[in-house]
Amino acid sequence: MFLLNAWYAVAWSHEIRRSLFARRVCDKPMVLYRRQDGGLVALEDLCWHRMLPLSQGWLEGDCVRCKYHGLLYDARGQCVQMPAQETVAKSACVNAYPVAERHRLVWIWPGDPSRADESLIPNLYWFSDPKWAGDGATAHFNCGYQLLVDNLLDLTHETYVHPETIGSEHIPDAPLKTEARGEEIVVSRWMLDHEPASFWKRQIGTDKNCDRWQIAHWTPPANVVIDVGVAVAGTGAPEGDRRQGISMRVVNTVTPETETSCWYFFGNPRDYNIEDRELTAAIMQSVAGIFEQDRRILESQQQAILENPERKLMNLNIDAGSVRARRILESKLKAETELQGPAATA
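Scope of this entry: the structure provided in the associated data block. Keep in mind the model is a prediction, meaning the values are calculated, not measured.

A negative phi angle characterises most non-glycine residues, just as the trans form characterises most peptide bonds. Here the amide bond leading from Pro220 into Pro221 is cis, since omega sits at 0°, within 30 degrees of zero. By the element assignment, Pro221 lies in the loop between β14 (210-219) and β15 (223-232). Backbone geometry at Asp193 places phi at a positive 55°, although glycine is not the residue there. Structurally, Asp193 is set in strand β13 (residues 184-194).

Shown next, in the form of C-alpha cells:
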C-alpha cells in the first residue's frame, strides 16, 4: 500500500521543538522531538514494554520517559533505564527513523534505514529561496493519499469545484499534454487569450485577456509542484517570455497517514511582490478555502469507494497523468516488495 523507502514530509520545521510531537506516517506511529543541541529525533511511538505511545510521556534531557512504567529511551531508541531493576534488557528498544530538515520541512524515511539517502529528499526549494515568497500550511484529509495526487494532476476539476476563484470554462477545452521524464510525470495545459479567472485577475491587476498556464510535475511517491500563472495575451509566455505576467508554484507534498487518510503540506510561493506580507496572507487565506473545497470532494469520494468495494475507478483522457503516476508507483512498490520481502510494505 505504501512505498516505505522514500522521504515523506512529517511536519514544518517550526513544529518540532523540545517537546514530543506525534504523527502517523504510512500507518506507523512516530514521535519526534529535538535534542538539546537542536538535532532531530524520530522514534517509534510505542513503548517496548506495554505499548503505550511514548508521545504521552515526557523528555528528560535527550531521552524519552514512558508515562506508564517509566522506561527511559535514548535518541537511538534504546531503553537505558527500567523500573525496579539494574539490568536493562538489550532487546528493549524501539525503532529509530532517519529524519532530516530541508526547505522548512521535516522529512522522515519509514523504510530501511540503510537505504536512506538525503539527496533523494524532494527539492521544494521555493519554500526557502529568498527570490520567492509564500507561507506553508498543513491540512488533514480523510482520504487515501493517491486520491489527492489524482486531484492535483487533473486540474480540469477547477472549472466545477472552484468556479468562483480559479475555475474557468476554458480549462476543459484546452489541449492537455502528458509526458514522462524518467520517474517524473509532467502534465501541462495552456489557455490562450481568455479573460482570467477571478483569482488571477486580482493578482495580475488588469482587465486584458491573458494567456494562462498550468504545468504539473509529479515525482514519487506523492510530490506535485505546479507551475501556474498568467501573462497578458500575446506577449510571449507560451514561448518562454513571462515578463508581462506573474507566476506561482503550487508546492504540494502528500504523506499517507493510513490507507484512508493523509497529511497534506502545501504552499503557493510567488515571484512577484515578494515583500508584501499582506498579499502573502491573502493568498494563503484564498488557497486554504480552495483546498477546503477539494477536501470535501475527496472525502466524499473516499466514502463512496468504501461503500462500493465492488466498483473501480474509471479513467478519462484527463486522467492520463494520474494513471501514469500510479503505474510508476505500483512498479516501485513491486520492486521494493521483491527486494525486501512482503514486510517491506504496509
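Within helix α1 (residues 145-153), nine of the nine residues are buried, which leaves it mostly tucked inside the rest of the structure. Residues of α1 that are buried: Tyr145, Gln146, Leu147, Leu148, Val149, Asp150, Asn151, Leu152 and Leu153.

To continue, consider helix α4 (residues 277-307). If you check α4, its first and last C-alpha atoms are 45 Å apart, about what 31 residues at 1.5 Å a residue would give, namely 45 Å. Between the side-chain oxygen at the start of α4 and the backbone nitrogen of Glu278 there is a gap of 3.1 Å, and the oxygen is on Asp276.

Here we take up the pairing of β13. Note that strand β12 (residues 176-181) and β13 share six bridges and pair antiparallel. For Ala180, the partnering residue across the bridge sits in β13 and is Ile185. In textbook terms, the turn of a hairpin is the stretch between consecutive antiparallel strands, and for β12 and β13 this stretch comprises two residues, one of which, Gly182, has a positive phi near 65°. Pairing geometry for β13 and β14, over eight bridges, is antiparallel. By the bridge assignment for β14, Val187 is matched with Ala216.

The next thing to look at is the nonpolar core. The biggest cluster of nonpolar side chains holds 62 residues, and the ones touching the most others in it are Leu32, Val254 and Tyr264. Once residues lying within four places of it in the same chain are set aside, the contact partners of Val254 are Tyr8, Tyr145, Leu148, Val149, Leu152, Ala222, Cys262, Trp263 and Tyr264.

Next up on the list: the sheet that holds strand β1 (residues 8-12). The strand order across the open sheet formed by three strands is β1-β10-β9, and the pairing between neighbours is antiparallel. In this open sheet, the two edge strands, each paired with only one partner strand, are β1 and β9 (99-102). Across the sheet, the mean angle separating the axes of adjacent strands is 35° when strand polarity is ignored. In the sheet, β9 pairs with strand β10 (residues 105-108) via four bridges, with the strands oriented antiparallel. Across the sheet, residue Ala100 finds its bridge partner in β10, namely Trp107.

Reading guide: rules and limits
- Residues numbered from 1 in each chain as written.
- Predicted model: local features only at pLDDT ≥ 70, side-chain atom pairs only at ≥ 80, totals over all residues.
- Heavy atoms only, no water.
- Helix = DSSP H or I, 4+ residues; strand = E, 2+ residues; numbered from the N terminus.
- Buried < 20%, exposed > 50% of the residue type's maximum accessible area, 1.4 Å probe, protein only.
- Expected span 1.5 Å × (residues − 1).
- Polar contact = N/O pair within 3.5 Å; in protein donor to acceptor, adjacent residues only side chain to side chain.
- Pairing = 2+ DSSP bridges.
- Core = buried A, V, L, I, M, F, W, Y, C linked by side-chain atoms within 4.5 Å.
- Contact = heavy atoms within 4.5 Å.
- Axes fitted to C-alpha atoms, helices over the stretch in contact; angles between N-to-C directions.

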